[in-house]
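# Structure assessment
Each chain, written out:
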Amino acid sequence: MKRVYVNEEWCLGCHLCEYYCTFANSNEKDIVKALKNVVINPRIKLEEGDRINFAVSCRHCEDPICVKGCITGALSINDGIITVDENKCIGCYTCILCCPYGAITPSDKGVIQKCELCTNNIHGTPQCVKGCPNNAIVFEER
Amino acid sequence: MRYVIIGNSAAAVGAVEGIRKIDKDGEIIIISKEPYHVYSRPLISYLLYGKTTEENMKYRSEDFYDVMKCKVFFNKEVIKINNEEKQVQLNDNTIIDYDKLLVATGSRPFIPHMEGLETVKNKFTFMSLDDAKNLEKAISPHSKVLIIGAGLIGLKCAEGISKKVESITVVDLADRILSSILDKEGAKIVQSHIEKKNIQFFLDNKVEKFIDNKAILAKGEEIDFDILVLAVGVRPNIELIKEIKGEVNRGIVIDEFCETSIEDIYAAGDCCESFDITTNQNRVLALLPNAYMQGECAGINMAGGEKKFGKAIPMNSIGFFGLHMVTAGSYVGEVYTKNENNNYKKLFVKDGLLKGYIMIGDINKAGIYTSLIREKTPISEIDFELICNKPSLMAFSKIERKKKLGGIK
Ligand SMILES: Cc1cc2nc3c(=O)[nH]c(=O)nc-3n(C[C@H](O)[C@H](O)[C@H](O)COP(=O)(O)OP(=O)(O)OC[C@H]3O[C@@H](n4cnc5c(N)ncnc54)[C@H](O)[C@@H]3O)c2cc1C
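Residues numbered from 1 in each chain as written. Chains lettered and ligands numbered in written order. Predicted model: local features only at pLDDT ≥ 70, side-chain atom pairs only at ≥ 80, totals over all residues. Heavy atoms only, no water.

On to the overall build of chain B, then. Assigned secondary structure in chain B consists of 11 helices and 25 strands. Taken over C-alpha atoms, the radius of gyration comes to 23 Å for chain B, in line with the 22 Å a tight globule of 409 residues would show. Overall size of chain B, expressed as C-alpha extent along the three principal axes, is 60 × 60 × 40 Å. Looking at chain B as a whole, 57% of its 409 residues qualify as buried. Relative to all contacts within chain B whose residues are 6 or more apart in sequence, the contacts with residues 24 or more apart total 60%. Of the roughly 17800 Å² of accessible surface on chain B, a fraction of 48% belongs to carbon and sulfur atoms. Computing the positive centroid from 56 side-chain charges and the negative centroid from 57, chain B places the two 5 Å apart. (Helix = DSSP H or I, 4+ residues; strand = E, 2+ residues; numbered from the N terminus. Rg over C-alpha atoms; globule rule 2.2 N^0.38 Å. Buried < 20%, exposed > 50% of the residue type's maximum accessible area, 1.4 Å probe, protein only. Contact = heavy atoms within 4.5 Å. Areas by Shrake-Rupley, 256 points an atom, 1.4 Å probe, with all protein chains shown as cover. Lys, Arg positive; Asp, Glu negative; His and termini not counted. Charge placed at Lys NZ, Arg CZ, Asp CG, Glu CD.)

Below, the structure is given as structure tokens:
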């Protein structure tokens, strides 16, 4: 399955992936409109160090402990992609307790949010990768 | 091949999904004492709070049993296992044969002996959807509710009904709330947060005696109430195995393949003990993620696969009135404390390993700590100072990060 992989030596730490992610999941058509006056809460997040930066998003694990641990059944695997049902999630954050990558975060709606490889929005393929100027994240089969 | 599963909750679902990974066609029969499609037990308090609905509480979709090809007997109880004949007997005397049996009977409320308890008319426990429905029917905006037990279940109940009753009082023997997951300092923070919601605590105290609608506490206080909720603790349902001389302690004893001491009988979830890798001891971990994973492991082995259930640890994530806390492992060894802007964090390190942690408030990326505990990662292999500050993948070596984020095996 195609996943988002990180090439950390290429990451400039520019945060563009975070902006593209926020835009993609806003379901707005215009990026300026989508980002104007918003505090972004993206599903991919940069880890910044002295010299190293890299962006972390859901790994779509084959044996995901977030899904197994989910106490409501809101998380499930659909064609390899780990998705969340926002109607079922009550924001207990057991998945945040479980995820070894720190890739699940609270959403602005009081439940959780995670990368669904943009299959949950109008774009269909990861916009973070599309927006990355330096191939520091790629969407491919490995 | 016929699989029979006793119980219809998280462990049972784990088993069904585990079996179907290996065996797509074998017959699966589920026997459920409760009348409902499998629901998420922890959500009963959210139902009362208005944060979910009975429909959204379903732990698996409406077509789960069809898709998984399971036959379910609702409202039926297994009263006996006959392991010689490989049969179970239901309360309506139906006999069902099995090839492989899973006991996923969970736990039940523990009701300690309390003087005068029989004189209390409106008393409830808080473990099932029916319990929640009964409690909801009984309460009114004028209700004065007394809850015995300041643990997870008692306090979740308090939160659930907080907007619907006049007052809530909680009494507990322990000197702090949530004593199974929080230390004293952490418990104080959460307690004062909950107290702001008009919930009153009497800790390090107990009910000496009930007289109708009055509770007299050991330290002399008298509390008038009209609804009593008993949430002192839970006891694993081990009797079916105990009666046929299977090995039991507090919970049913299982091996690393989730099999009991009796051939072809497996057990999973709140009814059994798990090997806690942070203490190297067997203990009952009455937690949903554990129940699911144990069930899945049992299912895979029942269907002829081979899977070991390792890495069990106590781990919990819960919130009360918007304040979140995540805890895992055991609180032993050297303590690293980090408190910042109302956020509270403690890490516990022993023998060069992270053994446990408590986070209150900021719980971001907590799972990175959890995985250090579960994977027993030596802290000498990571930048511990960095990770103490905040959980991050930056603290791992470049090679380790390549494995985690670069898909390198
Ligand atoms: C209010 C509340 C809040 C909770 N919050 C959390 C939380 O935030 N996080 C967390 O991790 N865990 C939480 N838990 C614990 C969690 O619900 C349990 O760990 C989990 O449900 C265990 O699943 P199980 O399948 O082992 O057993 P159970 O869910 O207990 O189910 C066992 C089922 O078997 C049935 N049964 C028993 N005996 C028989 C028999 N002889 N014949 C037929 N059927 C039988 C029972 O009726 C029951 O339906 C909470 C529990 C409660 C009550």
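The next point concerns the domain arrangement of chain B. Residues and elements named next belong to chain B. Domain boundaries in chain B define domain 1 (2–108 + 235–302), domain 2 (117–230) and domain 3 (324–404). The C-alpha-based centres of domain 2 and domain 3 are spaced at 33 Å. Contacts between domain 2 and domain 3 engage eight residues on the former and eight residues on the latter. Roughly 690 Å² of surface becomes buried between domain 2 and domain 3 when both sides are summed, with 68% attributable to carbon and sulfur atoms. For domain 2, the biggest contributors to the area lost against domain 3 are Ile181, Asp183 and Ile189; these three give 54% of the whole. Here domain 2 is connected to domain 3 by two salt bridges. Measuring nitrogen to oxygen at the nearest pair gives 2.7 Å for the salt bridge that ties Lys346 to Asp183. Summed over the shared surface of domain 2 and domain 3, the result is five residue pairs in polar contact (both at pLDDT 80 or more). Across the side of domain 2 that touches domain 3, the residue classes tally to five nonpolar, one polar and two charged. (Domains from an automatic or database assignment. Buried area = accessible area lost by both parts, 1.4 Å probe. Salt bridge = Lys/Arg side-chain N within 4 Å of Asp/Glu carboxyl O. Polar contact = N/O pair within 3.5 Å; in protein donor to acceptor, adjacent residues only side chain to side chain. Nonpolar A, V, L, I, M, F, W, Y, C, P; charged D, E, K, R; others polar.)

Another aspect to go through is the pattern of salt bridges. Once the charged atoms of two side chains with opposite charge are near each other, the side chains can pair. For the coordinates displayed, the defined rule picks out 37 salt bridges over all chains. B:Lys403 is the partner of B:Glu400 in a salt bridge, and the nearest nitrogen-oxygen pair spans 3.5 Å. Placement of the pair is B:Glu400 and B:Lys403 together in helix α11 (residues 398–405), with a separation of three residues, close to one helical turn. Of the residues examined, B:Glu400 reaches a relative accessible area of 27% and is grouped as partly exposed. The network of salt bridges with shared partners includes A:Glu8, A:Glu9, B:Lys398, B:Arg401 and B:Lys402.

Residues and elements named next belong to chain A. Partitioning chain A into structural domains gives domain 1 (1–57 + 118–142) and domain 2 (60–114). Once you take the C-alpha centre of each, domain 1 and domain 2 turn out to be 19 Å apart. Counting residues at the interface gives nine residues for domain 1 and 13 residues for domain 2. Buried area between domain 1 and domain 2, summed over both chains or domains, comes out near 900 Å², and the portion from carbon and sulfur atoms is 46%. Our count for the contact surface shared by domain 1 and domain 2 stands at five residue pairs in polar contact (both at pLDDT 80 or more). Among the residues forming the side of domain 1 that touches domain 2, the class breakdown is three nonpolar, three polar and three charged.

Neighbouring the ligand are 31 residues; B:Ser9, B:Ala11, B:Glu34, B:Arg41 and B:Asp270 lie closest to it. The ligand sits at the junction of chains A and B, each of which supplies nearby residues. Here an oxygen atom of the ligand sits 2.6 Å away from a polar atom, N or O, in the side chain of B:Glu34. Take B:Leu288: an N or O atom from its main chain is 2.9 Å from an oxygen atom of the ligand. When the ligand is considered free in solution it has 1000 Å² of accessible area, and contact with the protein chains removes 94% of it. Secondary structure elements with two or more residues in the shell around the ligand: α1 (10–22) and α8 (288–302) of chain B. At three residues, α8(B) tops the list of elements feeding residues into the shell around the ligand. Residues of the shell around the ligand, tallied by class, amount to 19 nonpolar, six polar and six charged. Among the domains, domain 1 (2–108 + 235–302) and domain 2 (117–230) of chain B are the pair contributing at least three residues each to the shell around the ligand. (Near = heavy atom within 4 Å.)

All names here are of chain B. For the pair α1 and α8, interaxial distance at closest approach is 6 Å and the crossing angle is 35 degrees. Considering how the two elements wind past one another, α1 and α8 form a crossing that is right-handed. Facing α1, whose interface residues are Ala10, Ala11, Val13, Gly14, Ala15, Glu17, Gly18, Ile19, Lys21 and Ile22, α8 presents Leu288, Ala291, Tyr292, Gly295, Glu296, Gly299 and Ile300. Taken together, the residues of the contact of α1 with α8 sort by class into 10 nonpolar, four polar and three charged. (Axes fitted to C-alpha atoms, helices over the stretch in contact; angles between N-to-C directions. Left-handed = near helix turned anticlockwise from the far one by under 90°.)

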